[in-house]
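Analysis of the macromolecular model
Now for the letters of each chain:
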Amino acid sequence: MAPRTDSTSTGSAMSETSVESSIDPLFHILRTIPFSFLRPPRLRLKLPSFTLPSPMTVFSLILLTYFLVISGFIYDVIVEPPGIGSTQDPVTGAIRPVVFMSGRVNGQYIIEGLSSGFMFVMGGVGIIMLDLALDKNRAKSVKASYATAGVSSIVIGYVMSMLFIRIKIPGYLH
């Protein structure tokens, strides 16, 4: 078989030169006349340099975002519930503060959401402490302290969350 000549490359080169020569005269004048006496300035702009935040800063922002989302901050902004509720004692007639909106699963007071979110974050921090207790480069006393604090944070977070659910939904898991 005889070698073929690349007709697409020669055709594209010809089309580029034909485009340059077939420019509208008015467009050509508007494109060349201003730059015959105007010169663009030489700007010595430097690109801004961004430094990455430290890992602890990123972790803190993610943990804060997690706390706000879990505690129902978006719900609190949209619905604007009261910070704390109140009920009247049937025996004495005195007004008592109420933290949990009992019987309503899809509603909450602000303090209820914040306390529940804090318990979830406390359980998550307990898991992180358990992970830190597995580090081989730490002293045994520090590892034991991390493990104790981690287990106690997880247990307290779980027990309090279950207590909150039982207050919120009477008769849950009975």
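Residues numbered from 1 in each chain as written. Predicted model: local features only at pLDDT ≥ 70, side-chain atom pairs only at ≥ 80, totals over all residues. Heavy atoms only, no water.

Identification of the chain as Oligosaccharyltransferase complex subunit from Brassica cretica is taken from an unreviewed UniProt entry. Recorded in UniProt under Subcellular location (unreviewed entry), the annotation for the chain is "Membrane". Under the UniProt heading Sequence similarities (unreviewed entry), the entry covering the chain gives this text: "Belongs to the OSTC family." (UniProt positions renumbered as here; feature names shortened; annotations may be inferred.)

Time to look at the overall build of the chain. Scanning the chain from terminus to terminus reveals 7 helices and 2 strands. Going from N to C terminus, the chain has its helices and strands arranged as α-α-α-α-α-β-β-α-α. For the chain, the exposed area adds up to about 14000 Å²; of that, 69% sits on carbon and sulfur atoms. (Helix = DSSP H or I, 4+ residues; strand = E, 2+ residues; numbered from the N terminus. Areas by Shrake-Rupley, 256 points an atom, 1.4 Å probe, with all protein chains shown as cover.)

Let's shift gears to the pattern of salt bridges. Enumeration over the complete set of coordinates arrives at 2 salt bridges. In this structure, Glu112 engages Lys168 in a salt bridge whose closest nitrogen and oxygen atoms are separated by 2.9 Å. Pair noted here: Glu112 is in helix 6 (residues 110-133) and Lys168 is in helix 7 (residues 140-168), with a separation of 56 residues, a long-range link. Each of the two residues, Glu112 as well as Lys168, counts as buried. A salt bridge links Arg138 to Asp135, with the nearest nitrogen and oxygen atoms 3.5 Å apart. (Salt bridge = Lys/Arg side-chain N within 4 Å of Asp/Glu carboxyl O. Buried < 20%, exposed > 50% of the residue type's maximum accessible area, 1.4 Å probe, protein only.)

What follows covers the UniProt feature "transmembrane region" (unreviewed entry) in the chain. When the UniProt feature table is mapped to this numbering, "transmembrane region" (unreviewed entry) covers residues 52-75, 109-134 and 146-167. Across residues 52-75, helical content stands at 79% and strand content at 0%; the span's end C-alpha atoms are separated by 32 Å. Overall, residues 146-167 shows 100% helix and 0% strand. The separation of its end C-alpha atoms is 31 Å.

Among the secondary structure elements, Ala133 is positioned in helix 6. In this structure, Ala133 is in contact with Lys143, Tyr146 and Ala147, ignoring residues within four places of it in sequence. (Contact = heavy atoms within 4.5 Å.)

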